[in-house]
Amino acid sequence: MTVKIYHNPACGTSRNTLAMIRQSGEEPDVIEYLKTPPTRGELIALIAELGMSARDLLREKGTPYHELGLDNPAFSDDELVDAMMAHPILINRPIVVTEKGARLCRPSELVLDILPNADIGSFTKEDGEVVPGRNQAG
C-alpha cells in the first residue's frame, strides 16, 4: 500500500506533514482534496477509518462553518458529510492513510505514528519548531 495524503498546499501543517512523509523515504499519493474531493463513499469510509465522527473532521477556521450553522448539534453525520461534499474546505487536513491506519495529522508529527519508516531523524517545521527524531521502537 502506498502512503496517501489528503493535502492542501496552502496549509503549513499539511506541507510539514508531506515533508515528513518524504523524509521517511516514501513518495505519497498526494490528493489535493480541494481540486479533487473524495467521493461521498470515500469520505464516509475515511471518517470510519479515522475512527471519528463527521463532526470531528469538520474544520472551522477559514471555512463557511459558522455561516452554514454547522455548530448546531442537531445536524446528523449524513448532513455534515453533505456539507463537506458541497464545501470540501470544511474537511480538516491533512489526512494521511498508510498500511498502519489513518490519521488526521494535526499536529503534523502525528504522521510518525503511521509511517512505515518513522525514523526520519529530527525535523524542523516551517515555523522553526523542531520535532525530535524517533526510531522504529518509539
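One structure accompanies this document, and this report is about it. Note that the structure is predicted; figures quoted are calculated from it, not measured. (Residues numbered from 1 in each chain as written. Predicted model: local features only at pLDDT ≥ 70, side-chain atom pairs only at ≥ 80, totals over all residues. Heavy atoms only, no water.)

Moving on to the overall build of the chain. When helices and strands are counted, the chain shows four helices and six strands. The C-alpha radius of gyration computed for the chain amounts to 15 Å, which stays within 12% of the reference 14 Å derived for 138 residues, consistent with globular compactness. Along the longest, intermediate and shortest principal axes, the C-alpha atoms of the chain span 45 × 30 × 25 Å. Across the 138 residues that make up the chain, the buried fraction comes to 42%. Residue pairs at least 24 apart in sequence account for 55% of intrachain contacts in the chain once pairs closer than 6 positions are excluded. (Helix = DSSP H or I, 4+ residues; strand = E, 2+ residues; numbered from the N terminus. Rg over C-alpha atoms; globule rule 2.2 N^0.38 Å. Buried < 20%, exposed > 50% of the residue type's maximum accessible area, 1.4 Å probe, protein only. Contact = heavy atoms within 4.5 Å.)

Glancing now at the pattern of salt bridges. Overall, the coordinates contain seven salt bridges when judged by the stated rule. In this structure, Glu27 engages Arg22 in a salt bridge whose closest nitrogen and oxygen atoms are separated by 3.0 Å. On the basis of relative accessibility, which here comes to 39%, the residue Arg22 falls in the partly exposed class. With a shortest N-O distance of 2.7 Å, Lys125 and Glu109 are connected by a salt bridge. You can see Lys125 sitting in the loop between strand E5 (123–124) and strand E6 (130–131) and its partner Glu109 sitting in the loop between strand E4 (101–104) and E5, a full 16 residues away along the chain. On the basis of relative accessibility, which here comes to 10%, the residue Lys125 falls in the buried class. Among the charged side chains, a network of salt bridges with common partners joins Arg40, Asp78 and Asp82. (Salt bridge = Lys/Arg side-chain N within 4 Å of Asp/Glu carboxyl O.)

Pairing in this open sheet of four strands is mixed, and the strands run E2-E1-E3-E4 from one edge to the other. This sheet does not close on itself; its edge strands, each paired only once, are strand E2 (29–32) and E4. On average, adjacent strands in this sheet sit at an angle of 15° to one another, irrespective of strand direction. Where strand E1 (residues 4–7) lies against strand E3 (residues 95–98), three bridges are found, and the strand directions are antiparallel. By the bridge assignment, Tyr6 is partnered in E3 with Ile95. Along the sheet face, helix H1 (residues 12–23) touches E1, E2 and E3 and points at about 160° away from the line of E1. The strands that helix H2 (residues 40–50) touches are E1, E3 and E4; relative to E4, the one it contacts most, it runs at about 90°. (Pairing = 2+ DSSP bridges. Axes fitted to C-alpha atoms, helices over the stretch in contact; angles between N-to-C directions.)

Quick look at unusual backbone geometry now. In the segment running from Arg93 into Pro94, the intervening peptide bond is cis, with an omega of -5°. Here Pro94 shows up in the loop between helix H4 (77–86) and E3. Put simply, Arg106 and Pro107 share a cis peptide bond, and its omega is 5°.

Right, let's talk about the side chain of Thr63 for a bit. Mapping Thr63 onto the fold places it in the loop between helix H3 (54–57) and H4. Taking the relative accessible area as the measure of exposure, Thr63 reaches 12% and is therefore buried. Within the local environment of Thr63, its side chain forms a polar contact with the backbone oxygen of Glu60, the two atoms lying 2.8 Å apart. When residues no more than four places from it in sequence are discounted, the contact partners of Thr63 are Ile89 and Leu90. (Polar contact = N/O pair within 3.5 Å; in protein donor to acceptor, adjacent residues only side chain to side chain.)

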